[in-house]
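Given next are the chains, with one letter for each unit.
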Amino acid sequence: MNSHAAGTSNGGSGDAAAGGAARRNTRMPKYSKFTQQELPACKPILTPKWVVSVFFIVGVIFVPIGVVSLLAARDVVEIIDRYDEACVPSNMTENKLAYIQNETISKECIRNLTVTKDMKQPIFVYYELDNFYQNHRRYVKSRNDAQLRDASKANQTSACEPEKTTANGQPIVPCGLIAWSLFNDTYNFTRGNENLTVDKKDISWKSDREHKFGKDVYPSNFQNGALKGGATLNPKIPLSEQEDLIVWMRTAALPTFRKLYGRIYFDLKENDTITVSLNNNYNTYSFGGKKRLVLSTATWLGGKNDFLGFAYLIVGGLCIFLAFAFTLLYFIKPRKLGDHNYLSWNRHPAGR
Amino acid sequence: MAGEDDGNTTNGRRRRRTRRSAVRLSKLYSYACGRRPSVADDHSVSRIGGPGFSRVVMVNAAAGEPPAAADLLQHQQQITATTNSISTTKYNLFTFLPKSLFEQFRRVANIYFLLSAGIAYSPLAAYSSSSAIAPLVIVLVATMIKEAIEDWRRNQQDTEVNNRTTQVFQQGGDGDGWDGDAAWSFRDAKWKDIRVGDIVKVHKDEFFPADLVLLSSSYEDAICYVETMNLDGETNLKLKQSLEVTSTTLPDDDSFRSFAGAVVRCEDPNAHLYTFVGNIEIDGQQHPLSPQQLLLRDSKLRNTDFVYGVVVFTGHDTKVMQNSMKVPSKRSNVEKKMDRVMYLLLFSLIVISVVSSVFFGIATGDDLQDGRMKRWYLRPDDTEIYYDPNRPAVAALLHFFTAIMLYGYFIPISLYISIEIVKLLQALFINNDIHMYHRETDTPAHARTSNLNEELGQVDTILTDKTGTLTSNSMEFIKCSIAGTAYGRGITEVERAMARRKGAPVIPNPDNMDKGNNSGIQQQQHILSSSDSEGNNDKPAVKGFNFVDERVMGGNWVNQPRSDVIEMFFRLLAVCHTCIPEVDQESGKISYEAESPDEAAFVVAARELGFTFYKRTQTGVSLRELDPSSGKQVDRSYKILNVLEFNSARKRMSVVVKNEEGKLFLFTKGADSVMFERLSGSESAYREVTQQHINEYADAGLRTLVLAYRELKEDEYAYFDRKFTAAKNSVSTDRDEKIDEAADLVERDLILLGATAVEDKLQKGVPECIDKLAQAGIKIWVLTGDKMETAINIGYACSLLRQGMKQITITLETADIIALEKVSDKTALTKASKDSVARQINEGKKLVNASSGESFALIIDGKSLTYALEDDTKDMFLDLAVGCGSVICCRSSPKQKALVTRLVKTGTGKVTLAIGDGANDVGMIQEADIGVGISGAEGMQAVMASDVSIAQFRFLERLLLVHGHWCYSRISSMICYFFYKNITFGVTLFLYDAYTSFSGQPFYNDWAMACFNVFFTSLPVIAMGVFDQDVSARFCLKFPMLYQEGPQNLLFQWQRIIGWMLNGVACAVIIFFLSTASLQHQAFRSGGEVSDMATLGATAYTCIVWAVNLQMYITVSYFTLVQHVCIWLSIALWYIFLPVYGAITPSFSTTYYMVFVEALAGAPSYWVVTLLVTAAALIPYFTYAVVKSWFFPDYHNRIQWLRHREKAKAHPDPETSADVELSQVLRQFSVRSTGVGVSARRDATAVLRHLNVDYSQSPTPGAGVVVVTTDR
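Residues numbered from 1 in each chain as written. Chains lettered and ligands numbered in written order. Predicted model: local features only at pLDDT ≥ 70, side-chain atom pairs only at ≥ 80, totals over all residues. Heavy atoms only, no water.

Colleague: In this structure, what is going on with the overall build of chain B? I would like to understand it.
Modeller: Counting its regular elements, chain B contains 42 helices and 35 strands. A separation of at least 24 residues holds for 74% of the contacts in chain B among residues at least 6 apart in sequence. By element, 56% of the accessible surface of chain B is carried by carbon and sulfur atoms, the whole surface being about 47800 Å². (Helix = DSSP H or I, 4+ residues; strand = E, 2+ residues; numbered from the N terminus. Contact = heavy atoms within 4.5 Å. Areas by Shrake-Rupley, 256 points an atom, 1.4 Å probe, with all protein chains shown as cover.)

Colleague: What should I look at first to understand the overall build of chain A in this one?
Modeller: The helix and strand tally for chain A stands at 9 helices and 9 strands. In chain A, which comprises 352 residues, the proportion classed as buried is 49%. Contacts spanning at least 24 positions in sequence make up 78% of the contacts within chain A whose residues lie at least 6 apart. Carbon and sulfur atoms make up 55% of the accessible area of chain A, which amounts to about 16600 Å² in all. (Buried < 20%, exposed > 50% of the residue type's maximum accessible area, 1.4 Å probe, protein only.)

Colleague: Would you mind going over the interface of chain A and chain B with me for this structure?
Modeller: By a widespread convention, an interface's size corresponds to the accessible area lost as its parts come together. Opposite the 120 residues of chain A that make contact, chain B presents 150 residues. For the pair chain A and chain B, the two sides together bury roughly 11800 Å², of which 62% comes from carbon and sulfur. Our count for the contact surface shared by chain A and chain B stands at 2 salt bridges. With a shortest N-O distance of 2.8 Å, A:R138 and B:E384 are connected by a salt bridge. Among the elements of the structure, α2 (48-75), β3 (123-129), α4 (137-141), α5 (145-149), α6 (177-180), α7 (206-212), β7 (257-264) and α9 (306-332) of chain A are those that each provide at least two residues to the side of chain A that touches chain B. (Buried area = accessible area lost by both parts, 1.4 Å probe. Salt bridge = Lys/Arg side-chain N within 4 Å of Asp/Glu carboxyl O.)

Colleague: Would you mind showing me how to read the nonpolar core here?
Modeller: Soluble globular proteins tend to bury their nonpolar side chains together. All names here are of chain B. By size, the foremost hydrophobic cluster in this structure holds 152 residues, and its most contacted members are I411, Y1004 and W1134. Setting aside its immediate chain neighbours within four residues, I411 contacts A109, Y112, F113, M342, L345, L346, L349 and N982. The next biggest cluster of nonpolar side chains, apart from the first, holds 77 residues, and it includes L572, M675, Y717 and V758. (Core = buried A, V, L, I, M, F, W, Y, C linked by side-chain atoms within 4.5 Å.)

Colleague: So what exactly am I meant to see when it comes to the sheet that holds strand β9 (residues 278-282) of chain B here?
Modeller: Within a sheet, adjacent strands bond to each other through the backbone by hydrogen bonds, running parallel or antiparallel. All names here are of chain B. Across the sheet, which stays open at both edges, the 4 strands sit in the order β1-β8-β9-β10 with antiparallel pairing between neighbours. The strands lining the two open edges of the sheet, one partner per strand, are β1 (55-58) and β10 (285-289). Going from strand to strand, the sheet's axes swing by 20 degrees on average, the running direction of each strand aside. Bridging between strand β8 (residues 263-266) and β9 involves 4 bridges; their strand directions are antiparallel. Bridge pairing in β9 places C266 opposite G278. (Pairing = 2+ DSSP bridges. Axes fitted to C-alpha atoms, helices over the stretch in contact; angles between N-to-C directions.)

Colleague: Hey, could you run me through the packing of helix α32 (residues 1018-1027) of chain B against helix α35 (residues 1093-1115) of chain B in this one?
Modeller: Angle between the axes and distance between the axes: these two values describe a pair of packed helices. Residues and elements named next belong to chain B. Their axes nearest at 9 Å, the elements α32 and α35 cross at an angle of 20 degrees. Considering their axes alone, α32 and α35 lie roughly parallel with respect to each other. As α32 packs across α35, the resulting crossing turns out to be left-handed. Contacts between α32 and α35 involve P1020, V1021 and M1024 from the former and N1109, M1112 and T1115 from the latter. For the contact of α32 with α35, the residue count by class is 4 nonpolar, 2 polar and no charged. (Parallel < 35°, antiparallel > 145°, perpendicular 65-115°, else oblique. Left-handed = near helix turned anticlockwise from the far one by under 90°. Nonpolar A, V, L, I, M, F, W, Y, C, P; charged D, E, K, R; others polar.)

Colleague: Help me understand the sheet that holds strand β7 (residues 237-241) of chain B in this model?
Modeller: All names here are of chain B. Ordered by their spatial adjacency, 3 strands build an open sheet running β7-β6-β12, and the pairing between neighbours is antiparallel. Looking at strand neighbours, the two that pair on one side only are β7 and β12 (300-302), the edges of this open sheet. Pairwise comparison of adjacent strand axes, ignoring direction, gives a mean angle of 45 degrees for this sheet. Summarising the sheet, strand β6 (residues 223-227) and β7 pair through 5 bridges and their orientation is antiparallel. Residue pairing in the sheet places Y225 in a bridge with L239 of β7.

Colleague: Whenever I open this one, the pairing of strand β34 (residues 930-934) of chain B confuses me. Can you help?
Modeller: Within a regular strand, the side chains alternate between the two sheet faces. All names here are of chain B. With 5 of 5 residues buried, β34 lies mostly within the body of the structure. Neither face of β34 is left uncovered, since the one carrying I930, V932 and I934 and the one carrying G931 and G933 both have all their residues buried. Here 4 bridges tie strand β33 (residues 911-916) to β34, and the two strands are oriented parallel to one another. Along β34, the bridge assignment pairs A914 with G931. In this structure, β34 lies alongside strand β35 (residues 948-950), joined through 3 bridges in parallel fashion. The partner of V932 across the bridge, within β35, is V948.

Colleague: What is the right way to look at the pattern of salt bridges in this model?
Modeller: Where charged atoms from two side chains of opposite charge come close, those side chains can pair. All names here are of chain B. Tallied over the entire structure, the rule returns 58 salt bridges over all chains. For the salt bridge of R710 with E716, the shortest nitrogen-to-oxygen distance reads 2.4 Å. Using a relative accessible area of 23% as the deciding quantity, one classes E716 as partly exposed. For E870, the salt bridge goes to K834, with nearest N and O atoms at 2.6 Å. Here K834 lies in helix α24 (residues 826-850) and E870 lies in the loop between α25 (862-868) and α26 (871-882), a separation of 36 residues in the sequence. With a relative accessible area of 28%, E870 lands in the partly exposed category. The exposure class assigned to K834 is buried, which follows from its relative accessible area of 18%.

Colleague: Teacher, can you tell me more about the environment of B:L397 here?
Modeller: All names here are of chain B. By secondary structure assignment, the location of L397 is in helix α11 (residues 392-406). The exposure class assigned to L397 is exposed, which follows from its relative accessible area of 55%. A C-alpha to C-alpha distance of 8.6 Å links L397 and V354, two positions 43 residues apart in sequence.

Colleague: Looking at this model, I keep getting lost on the side chain of B:H965. Mind explaining?
Modeller: Residue and element names in this part refer to chain B. Within the element layout of this structure, H965 appears in helix α30 (residues 955-995). Owing to a relative accessible area of 1%, H965 belongs among the buried residues under this scheme. Sequence-distant contacts of H965, defined by excluding residues within four places in its chain, comprise G457, L960, D1030, C1036, L1042, Y1043 and E1045.

Colleague: How should the pairing of β3(A) be read in this particular structure?
Modeller: Residues and elements named next belong to chain A. In terms of burial, β3 is a largely internal element, 7 of the 7 residues being buried. Neither face of β3 is open: one carries I123, V125, Y127 and L129, the other F124, Y126 and E128, and all of them are buried. When β3 meets β7, the two strands line up antiparallel, connected through 7 bridges. Among the inter-strand pairings, L129 is bridged to a residue of β7, identified as F257. One ladder, built from 6 bridges, connects β3 with strand β9 (residues 291-296); its direction is antiparallel.

Colleague: Is there a simple way to explain the confidence of the model for chain B in this structure?
Modeller: It should be kept in mind that the predicted coordinates are not to be read in detail where pLDDT is low. Residue and element names in this part refer to chain B. Per-residue confidence for chain B gives a mean pLDDT of 78; residues scoring 70 or more make up 81%. Mean pLDDT per element in chain B: helix α1 (residues 2-32) is the minimum at 37, and helix α34 (residues 1054-1078) is the maximum at 94. Across residues 1-45, where pLDDT falls below 50, the model places 68 contacts with residues more than four positions away in sequence or in other chains. Considering only residues more than four positions removed or in separate chains, one finds that residues 504-540, a stretch of pLDDT under 50, has 57 contacts. Model confidence for the complex: the whole-complex pTM is 0.78, and ipTM, which rates the interface, is 0.90. (pLDDT = per-residue confidence, 0-100.)

Colleague: Would you mind going over the confidence of the model for chain A with me for this structure?
Modeller: All names here are of chain A. A residue-level look at chain A finds 88% of positions with pLDDT of 70 or above and a mean pLDDT of 83. Note on residues 1-23: pLDDT is under 50 here. Beyond four places in sequence and across chains, it has 42 contacts. Low pLDDT (under 50) marks residues 337-352, which in the prediction has 35 contacts with non-local residues, meaning those over four places away or in another chain.

Colleague: Would you explain α2(A) in this entry?
Modeller: Since the α-helix advances by 3.6 residues per turn, residues separated by three or four positions end up pointing in the same direction. Its 28 residues give α2(A) an end-to-end C-alpha distance of 40 Å, which sits within 8% of 40 Å, the value for a rise of 1.5 Å per residue. A:P48, A:V51, A:F55, A:G59, A:F62, A:G66, A:S69, A:L70, A:A72 and A:A73 are the residues of α2(A) that are buried. (Expected span 1.5 Å × (residues − 1).)

Colleague: Before we go on, may I ask you to explain the state of the cysteines in this structure?
Modeller: Defined simply, a disulfide is a covalent bond joining two cysteines at their sulfur atoms. Residue and element names in this part refer to chain A. Overall, the coordinates contain 2 disulfides over all chains when judged by the stated rule. Linked covalently through their sulfurs, C87 and C109 form a disulfide whose S-S length is 1.9 Å. When the S-S torsion is -80 degrees, as for the bridge of C87 with C109, the disulfide is left-handed. Separated by 22 residues along the polypeptide, C87 in the loop between β1 (78-82) and α3 (96-101) and C109 in strand β2 (residues 108-114) bring together distant segments of the chain. Both residues of the pair, C87 and C109, count as buried. When the bonded cysteines of chain A are counted from the start of the sequence, the pairing works out to 1-2, 3-4. (Disulfide = S-S within 2.5 Å.)

Colleague: For this particular structure, what's the right way to read a nonpolar patch on the surface?
Modeller: Nonpolar side chains collect at one region of the surface, where B:F347, B:I350, B:V351, B:V354, B:V355, B:V358, B:F359 and B:I362 lie side by side and expose about 680 Å² of accessible area between them. The topology assignment puts B:V355 in helix α10 (residues 333-366). (Patch = residues over 30% accessible without salt bridge, like charges linked within 9 Å, V, L, I, M, F, W, Y side chains within 5 Å.)

Colleague: Which parts of the structure should I look at to understand unusual backbone geometry?
Modeller: Among all residues except glycine, the phi angle is most often negative; among peptide bonds, the trans geometry is most common. Residue and element names in this part refer to chain A. Q121 connects to P122 through a cis peptide bond whose omega is -5 degrees. Inspection of the secondary structure puts P122 in the loop between β2 and β3. Of the consecutive residues V173 and P174, the connecting peptide bond is found in the cis state with omega at -10 degrees. Along the chain, P174 turns up in the loop between α5 and α6.

Shown next, in the form of structure tokens:
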């Protein structure tokens, strides 16, 4: 440090004079707007003008978006038919579980649907399950991606508990609970005598088909166990073409979900009656889940979901309301700048 | 624990004190009596060889004959194994990993993260182990890199020290064994290569490389001068002297060739700087060694060409290294509170985990009833233990750990490291603040420990040292009174302040930083030039001398009426001291090394007035005097026979000298209280006048000394000398008393010469700074070693005291106590003193309680403080002190300073800041919450112990009001924000989990989650912590009351923390429900695709990233480009991450494979939902912020409004008349609240009146501080 000690008194005029020349060597901080924390900055403040205009602008933007979204949703025609109750024979309504588990009872079921409004093709066919926890951690984890992708890794069944191997140790392909519980209701649609064929191509994500499910991976030992889960798979068809499986394996986020069953490339007219002959195979009775068949069109925004539009309207409306409310507040009760009372720290006596 | 330690150190310090004075006394002998063995060594010598005194050093063993005894040889090898290299690093290459990891896991949060990492590797894991570990690893590695860099720096310093060179007596490179005599010489060697037993030669102004026993020096009598500034902060030189036996046999380099076989036996390494016990055996004869022969490492050789010494302690064995203690690690209040918040978060984490587990248990148990599977697709009949419906309790218990890991995002993992980064950068800003750079000493501010930055914004009480802190510790000889005539026309700082107080205009605030915020460069130059000019104005031509009077200067004194007295006066100044002159060979200038700056000032004054003291030998001093009769310079020398040392009891110092004519004189200088009673009764011609002058000087805040002399007769002196020598040689306990008695024999019947007045100069800007601090609501206590009168004077000068303030003085200098002291009945005295102090405190309290609206000042002296600080009275004392506007403790010892600091700290529970510059302040600096060291003249001791060092007291204003406030506001906002963002994230996970029947399924992809804290949200919050300014520096200083947000902890109170947490919960709820409801089971694309877990999760995640980052725009009040970049970069990172991560092979990206490119980007609903949810999530806080700032503004909000109004004023607006009013109220409020300081003197009503006028007239409103003049 400074070597000039307290008691030292040098006769000369000190080092002040020498300072000028030696300026280069100082430890003086370099001046920059950055180091001095003087960077140009904007310092926003919640002035009435700002606040009201922000709320107002948000409102003004949101309300139209809401209206457009709502209109889009209204454009969608959706036919929903819950059939899990109706398809149970009347004598078995008290014991649905016995009905579904009894393989000797025919599961055929005919449903008639009336088209409420004109429906332009393509018409999407969904099945909707309810109270079905596809997102349960045990369920979600119970698969092996490597096995699905790569024929040489058929033996990789880790994480597939408890549907790993058959009783004699053969690996199950595809293994795991998800595949095992594959949905197996089937639908056929007719309009009068006209068969409305369901196109089941391309109902899954392309990336799934191409990268997650192998072209050379064939089902083996599937649904061979004592306890059958859901659908069986044709062992001749590679997994990448088993689109129902691929769709099913994309686990849903919430316990109520729809999955794409196929598309119908026919335009439906209002008041058309569509006959659905379905096989009510899938057991939702043991856990009390509902099954619905959904026919729906889609717009740029997707399916018939009013919520988004309403939410926009509500949020936009709220913003406009707040804009007015703050304007009113500003005029009715302007801030009293000089109000001595609210300047006092005594309002926080202890502070802490 | 800590308290005890501190107690010990202060005790140690006190012990050191007493030892120190012993050292000083022994130094005096060398002048008068030559060498003599140390007094107290007799019994300690016998201990040598016993436990604790086992060290045996073979002097120059390598050169001499091999030692006889084998065990000695072994011992020698053992101690030479300790090299002289030192290492102050925390880690080395091998211990770094385990040790730094251990340090890391001492934090609660990190243990939690380790635990959850452990869970990640078990089947309980909620998500993949590697993604769970990654953030922890990143955080740990970052912290460890920081540790490593810091340690590397320490290592560099060590290396620098270890590689310094010194001369060691050793064999040359080509020498061959014992007969190669010629090859033995003093050669340069690195410090680290020095071994115990080596003989080293140290040259002038070099540091001693190790602890040495002095063998001989360049002086004939083998003395040397040592500067121990690095050890104890004392700047005076200490005298060391070797034993006669070594100095005579070892005069030069060559003599060492034949020197061998000497053995030093001494104590083991210990930390006592002022003790040393040992002996040296030469030729079979033992000679005792004392501290007088020990040269300590890190002290410096001064005024001596060279010394020889033998190394006895090396490296970490040296006393200075043994002494280096760990600086007590301090944690800020905010961080302590943050820990409590962490516990709260951990607690709520556990609560929701329990809730989750219970529901999970119920759901799991439900799955299998009487062999009937409910959710058959989960195969409850064939499960592992984790989902076993037959043992739902066990499953729930295990699930608890899964939940703890899953909801772990409640605990912000990167908080600690972010805070450390932020604080480091904040510290850099402090170090680089040009407004805290002191040009004269080339010293910038330095935040030595960055972890206390925000504490600077919460200071409630400042405890300040006086000398060197408030005052510049440069003593200036400014006035004198000789033979009843007062000389000297200088005006002191105190006189200026007094004039100011009596109605002269208030000097405008000097801190130029307030003004001209517009152009940086200009401003900088402005500051430089201003300090230039002030430097020129203030600095006297000669340091320590500010005396202007043509009557005596330039030799004119010979024409004065009592020139004989004046001559004697100056001669006394030149002779009666213990300074050492240092003549610059080239310029011939003489400078002085003195024990105290006062003494230096006297000698300098004497020199400037014609009595140049230029040489001191063992026996006398030489002067170059102006001979009044011839008018020529003549050299005269005086033989110094005795030095009667100054001490606080004697309050005087004398020398007995014999001049060239053989006349004996006693020269005495001392405090007026003791001197006047020693004057001869007959010689009182100008006694009254002198006394009056002394009073005037004291009023002006000057230190006064009375100078007197007498001529001694031979027989009188002989009698005294006999008595004095006998007293000094006695070993009994009353030795000091005997010496005093002997001194008393001659120090009587003195002839008065006059009095001197030395100004203890106030540092620049001190009164103004204190005023600002007082306005900021900070209490200031002055703890000083000075006497009461001086302390009070300085108190007035720096506005701590003012007229109209009631002074409560607690002192034991009362008649009855003094009377009791004479009787010297210890117990009675103690009791009476204690009662007296208690009574005075009580009376003071009554006075304070009785009045309202009056300001009080408490002044207490050290003796009373001893009693006041006792356990049963200290609370009362603290009560009284807190009720007073200012508190001054005078005559307080370092230990008392530390005790008072502790009392305030623990008693009030508020943040204390201690500021000081000297070794005697180290105790209080370490005791206080924040220690600030003034890197001034008194050595580095205080700075080394401090947390922040500044060059001048006045920089405290900017350090606290600007940097402190900013750091506090930044850190607290930052921590709140951290909690907010992590709770937002964590709660969405919890809500989603509820929809998976609490099975522990995460909503988002593993790696996306892992990146949340590190990439998508860390930058803006760090930018906020570093750059945010709620109020600009200018306004921070203009409205000091803003500072109160810190001490009252308004920005980090529970309401605010919980509020932010609730905001997080609200955000999470809005984000989760809006996004899931918007994208439920219906198709979300025109292609009819429905959303699944991946797309819904990614959408919600997008909303969180947006909401959490845009929240910044509502939170931050100061946007630089950096912040914009950080915010938008974070959002952009998410949009970069998604496709990039999604493009990696699906075996890694799993569910997020192509999720953005294929599914989300092309879906309008994804973007529409993002907009909706983001806006909706921000509305609640935005509304809250509006209402708060409109109707319940914080102080900084109000100032922001004011600034805004001021700006708007540039464009005239009818509405702005209101801001004049606001500004007044703000300011008036600021002014009113303070009891001390310059502004406290203004009457509130006068202020209002003047402000109205001044403000409207001010050309640039608010640009500078309004100058108000009051006629009081």
